[in-house]
Amino acid sequence: MNNIEKSVKQHCGKILSVGLICVDVVSVAKQYPKEGGDSRLLGTHWQKGGNAANTSAVLSMLGNKVDFFGAIPIPKKSDFHGQICVGFIKDKMESYKVGMDNVVERAGDALPFSTVLNNSENGSRTILHYRKGLEELKYDDFAKIDISQYSWIHFEGRNITEVLKMVERVVLYNSDDRHETITISVELEKPRRANSIELLTHADLAVVSQDFAEFNGMSSAVEAVQYYMGSCKTGAAVVCAWGAAGAASGVVGSSKPIEMTPAFPPKCVVDTLGAGDTFLAGLVHSRSRGHHLSAAVEFACRLAGCKVGFYGYEALR
Ligand code: ADP
Ligand code: FRU
């Protein structure tokens, strides 16, 4: 019995999602603009962003009990913009019923935010991310959390040295037979983060993005799964999402060949921002209920396919 089957048998408990939260300022353009041009937008809105925050919100919408763990600033009284941003994401997370009790609040720093250009012709998103002054999560922050309340902990692959220590804490916890096993998932999305691969070693579910795989020389999802399986433990599920092509998946040590699951495109693709975060939520949701990997990947592709047909995440409620 692998960790996933064990934890489902014992309790379909709470999930913790560890990583980034930010504000996404989304501008919807008729088409991708020319540099130096002057054109009107079709619309503009704010939404909560960040991989781990998006994933936790979708997991909650799917009916899971979920907490988010990340860093947010306590803006100075004089920082009007900061006050608004922090108030906005707190309200949003509350509306999605995501637990925020573990969140680390640090005085004076600015909340990260992304300026996102959405091309309404094809739903593509171009992200310009801004981060300055807000210290990343540290192992010491994570050490304060009572992890026994969780059956699954998901880690976004950032600030790798500290996150690796967090993962190792869960591995140590799991090695004590008196504890119920916590399933570990890891997502590697951003290509340029050194030593990211080390995070895969302990994952029960490893998810690698197309960006990450392509940056490292892979030219297909199947090739990426094959390659990253080499860094994962026996029994780990390895998944690589590849945009409109769907996703590939396989289990380390299994005789079953790596499988390619197609995408499920809606009639019209309008917004691909957060498609990967939604896909991941679908995967964790389905796997945490003990579903086979291929069924979980199909569910995740269907969920993400539904999401890209709408702006934001509200249609998934
Ligand atoms: P990211 O947001 O990390 O770039 P991807 O673009 O790889 O993520 O998308 C994740 C999943 O979302 C894909 O595996 C697919 O199932 C779904 N998806 C993304 N883009 C489309 C699309 N244009 N049509 C249908 N499904 C899509
Ligand atoms: C989407 C996303 C956005 C955020 C950006 C950060 O996957 O989480 O919400 O602005 O990525 O890189």
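All values reported here derive from a predicted model rather than from experimental measurement.

Cut-off values and rules
- Residues numbered from 1 in each chain as written.
- Chains lettered and ligands numbered in written order.
- Predicted model: local features only at pLDDT ≥ 70, side-chain atom pairs only at ≥ 80, totals over all residues.
- Heavy atoms only, no water.
- Axes fitted to C-alpha atoms, helices over the stretch in contact; angles between N-to-C directions.
- Helix = DSSP H or I, 4+ residues; strand = E, 2+ residues; numbered from the N terminus.
- Parallel < 35°, antiparallel > 145°, perpendicular 65-115°, else oblique.
- Left-handed = near helix turned anticlockwise from the far one by under 90°.
- Contact = heavy atoms within 4.5 Å.
- Near = heavy atom within 4 Å.
- Polar contact = N/O pair within 3.5 Å; in protein donor to acceptor, adjacent residues only side chain to side chain.
- Nonpolar A, V, L, I, M, F, W, Y, C, P; charged D, E, K, R; others polar.
- Pairing = 2+ DSSP bridges.
- Phe/Tyr/Trp six-rings, centres within 6.5 Å; stacked < 30°, edge-to-face > 60°.
- Buried < 20%, exposed > 50% of the residue type's maximum accessible area, 1.4 Å probe, protein only.
- Lys NZ or Arg CZ within 6 Å of the ring centre and 35° of its normal.
- Expected span 1.5 Å × (residues − 1).

**Points about the packing of helix 2 (residues 51–61) against helix 8 (residues 275–287)**
Here is step 1: Contact pair helix 2 / helix 8: the axes reach a minimum separation of 8 Å and the direction vectors enclose 50 degrees. Classified by the angle their axes make, helix 2 and helix 8 are oblique. Here the hand of the crossing between helix 2 and helix 8 comes out right-handed. Between helix 2 and helix 8, the contacting residues are N51, N54, T55, V58 and L59 on the first element and D277, T278, L280, A281, V284 and H285 on the second.

**So, the site of ligand 2**
Here is step 1: Every residue lining ligand 2 is accounted for by L20, C22, D24, G49, G50, N51, N54, S114, I127, K190, L273 and D277.
Here is step 2: Here an oxygen atom of ligand 2 sits 2.9 Å away from a polar atom, N or O, in the side chain of D277.
Here is step 3: When residues of the shell around ligand 2 are traced back to their parent elements, those giving at least two are strand 2 (22–29) and helix 2.
Here is step 4: In the shell around ligand 2, the residues fall into four nonpolar, five polar and three charged.

**A look at unusual backbone geometry**
Here is step 1: One non-glycine residue, K97, lies in positive phi territory at about 60 degrees.
Here is step 2: With a phi angle near 45 degrees, N159 is a residue other than glycine that sits in the positive phi range.

**Looking at the sheet that holds strand 1 (residues 14–18)**
Here is step 1: Spatially, 4-1-9-10-11-12-13-14 is the arrangement adopted by the eight strands of the open sheet, whose pairing is mixed. Edge strands, defined here as strands with exactly one partner in the open sheet, are strand 4 (66–69) and strand 14 (259–261). On average, each strand axis in the sheet is inclined to that of its neighbour by 20 degrees, with strand direction left out of account.
Here is step 2: Across five bridges, the pairing between strand 12 (residues 237–241) and strand 13 (residues 247–251) is antiparallel. Bridge pairing links V238 to G250 in strand 13.
Here is step 3: Where helix 2 meets the sheet, it contacts strand 1, strand 4, strand 9 (150–156) and strand 10 (183–188), and its direction lies at approximately 170 degrees from that of strand 4.

**Observations concerning the packing of aromatic side chains**
Here is step 1: Within this structure, the stated rule accounts for six aromatic pairs.
Here is step 2: Centre to centre, the rings of W46 and F88 are 5.4 Å apart; their planes meet at 85 degrees, and the pair counts as edge-to-face. Of this pair, W46 sits in strand 3 (residues 41–49) while F88 sits in helix 3 (residues 80–95), placing them 42 residues apart in sequence.
Here is step 3: Its relative accessible area of 33% is what places W46 among the partly exposed residues.
Here is step 4: Taking the centre distance of 5.7 Å and the plane angle of 55 degrees together, the rings of F212 and Y228 count as tilted. Taken together, the residues span a long stretch of sequence, with F212 in helix 6 (residues 210–215) and Y228 in helix 7 (residues 221–229) at a distance of 16 residues. Considered together, F212 and Y228 belong to a single accessibility category, that of buried residues.
Here is step 5: Above the plane of the ring of Y313 lies K48, whose end atom (NZ or CZ) is 4.3 Å from the centre.
Here is step 6: Over the aromatic face of Y313 sits the side chain of K307, whose NZ or CZ is 5.1 Å from the ring centroid.

**Notes on the sheet that holds strand 3**
Here is step 1: Here we have four strands laid out as an open sheet, ordered 3-2-7-8, and mixed in their pairing. Two strands lie at the open edges of the sheet, namely strand 3 and strand 8 (124–130), each paired on one side alone. Here the strands of the sheet are splayed against their neighbours by 20 degrees on average, with no regard to which way each runs.
Here is step 2: Strand direction decides the pairing type here: strand 7 (residues 113–119) and strand 8, joined by seven bridges, are antiparallel. By the bridge assignment for strand 8, N118 is matched with R125.

**Focus: helix 5 (residues 160–174)**
Each turn of an α-helix holds 3.6 residues, which means side chains three or four residues apart point in the same direction.
Here is step 1: Helix length check: helix 5, at 15 residues, gives a terminal C-alpha distance of 21 Å against a target of 21 Å (1.5 Å per residue), a fit within 8%.
Here is step 2: Where helix 5 is concerned, the buried positions are I160, E162, V163, L164, M166, V167, V170, Y173 and N174.

**So, the environment of M61**
Here is step 1: Examined against the element boundaries, M61 turns out to sit in helix 2.
Here is step 2: Under the relative-accessibility criterion, M61 is labelled buried at 17%.
Here is step 3: When the C-alpha atoms of M61 and S124 are compared, they prove to be 24 Å apart, with 63 residues separating the residues in sequence.
Here is step 4: Here M61 is in contact with Y96, Y313, L316 and R317, once residues within four sequence places are set aside.

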